[in-house]
Amino acid sequence: MDVKKVIDGLNKALSLEYASIIQGLQHSFLVQGLFRESIAPMLREHAEESFKHAKMLGEKIVALGGLPTVEPAPIKQATELTEMLKQDLELAYQVYEHYESLLKLVQDDTPLRVMIENFVLTEKEDCEELEKVLELKKIKVKEKEVKFQVK
Ligand SMILES: [Fe+2]
Ligand SMILES: [Fe+2]
């Protein structure tokens, strides 16, 4: 395993997680209107998950002999709900894709591989959740009523 490369990759992940914490919290403060009651807790829950990931990344970077970054990745802000959620989805895709690329570098370190695999799983769930909130997948129902044959 190329430790230097892995530390750089973990630090990039840490800066993306910092950005997710700040952006998610900022959006949870700003969200107004009818959907505030459901969206604000979702955004905060996501920010808390990012905080958990950031803690694990920082600890791992030091364990590998590296210095954890203090710089967040670029943060987007908006006051309109759909725009805000699109910004969050865009960041969630970036985080997910970064972990996918990081996974290739850590194959021979089992605990680190497992950690990154878990991140890949939760980030993918975040992406899918936001895609659903934004109604990006249009599901078609062919028949409105499903009839079963009772014997
Ligand atoms: Fe995360
Ligand atoms: Fe996430």
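Please refer to the structure placed before this passage.
One structure accompanies this document, and this report is about it. These numbers come from a predicted model, not from an experiment.

## Some thoughts on the coordination of the iron ion (ligand 2)
Note on the iron ion (ligand 2): its protein donors are His46 (NE2), Glu49 (OE), Glu123 (OE) and Asp126 (OD). The metal-donor distances range over 2.1 to 2.7 Å. Around the iron ion (ligand 2) sit 4 donor atoms; with metal-centred angles ranging over 70 to 150°, the donor geometry is irregular. Taken in chain order, the donor set of the iron ion (ligand 2) reads H-x2-E-x73-E-x2-D. The distance between the iron ion (ligand 2) and the iron ion (ligand 1) comes to 3.5 Å, with Glu123 serving as a donor to both metals.

## Digging into the pattern of salt bridges
As enumerated under the stated definition, the model contains 4 salt bridges in all. Across the salt bridge formed by Asp8 and Lys4, the nearest N and O atoms sit 2.8 Å from each other. Residue Asp8 and its partner Lys4 are located together in helix H1 (residues 3-30), separated by 4 residues, close to a single helical turn. On the basis of relative accessibility, which here comes to 42%, the residue Asp8 falls in the partly exposed class. Accessibility expressed as a relative area gives 58% for Lys4, which makes it exposed. The partner of Glu131 in a salt bridge is Lys137, with the nearest N and O atoms 3.4 Å apart. When its relative accessible area of 12% is taken as the criterion, Glu131 is described as buried.

Rules used throughout
- Residues numbered from 1 in each chain as written.
- Chains lettered and ligands numbered in written order.
- Predicted model: local features only at pLDDT ≥ 70, side-chain atom pairs only at ≥ 80, totals over all residues.
- Heavy atoms only, no water.
- Donors = N, O, S within 2.8 Å, 3.2 Å for Na, K, Ca; no water.
- Tetrahedral: all angles 85-135°; square planar, octahedral: opposite > 155°, others 65-115°.
- Salt bridge = Lys/Arg side-chain N within 4 Å of Asp/Glu carboxyl O.
- Helix = DSSP H or I, 4+ residues; strand = E, 2+ residues; numbered from the N terminus.
- Buried < 20%, exposed > 50% of the residue type's maximum accessible area, 1.4 Å probe, protein only.

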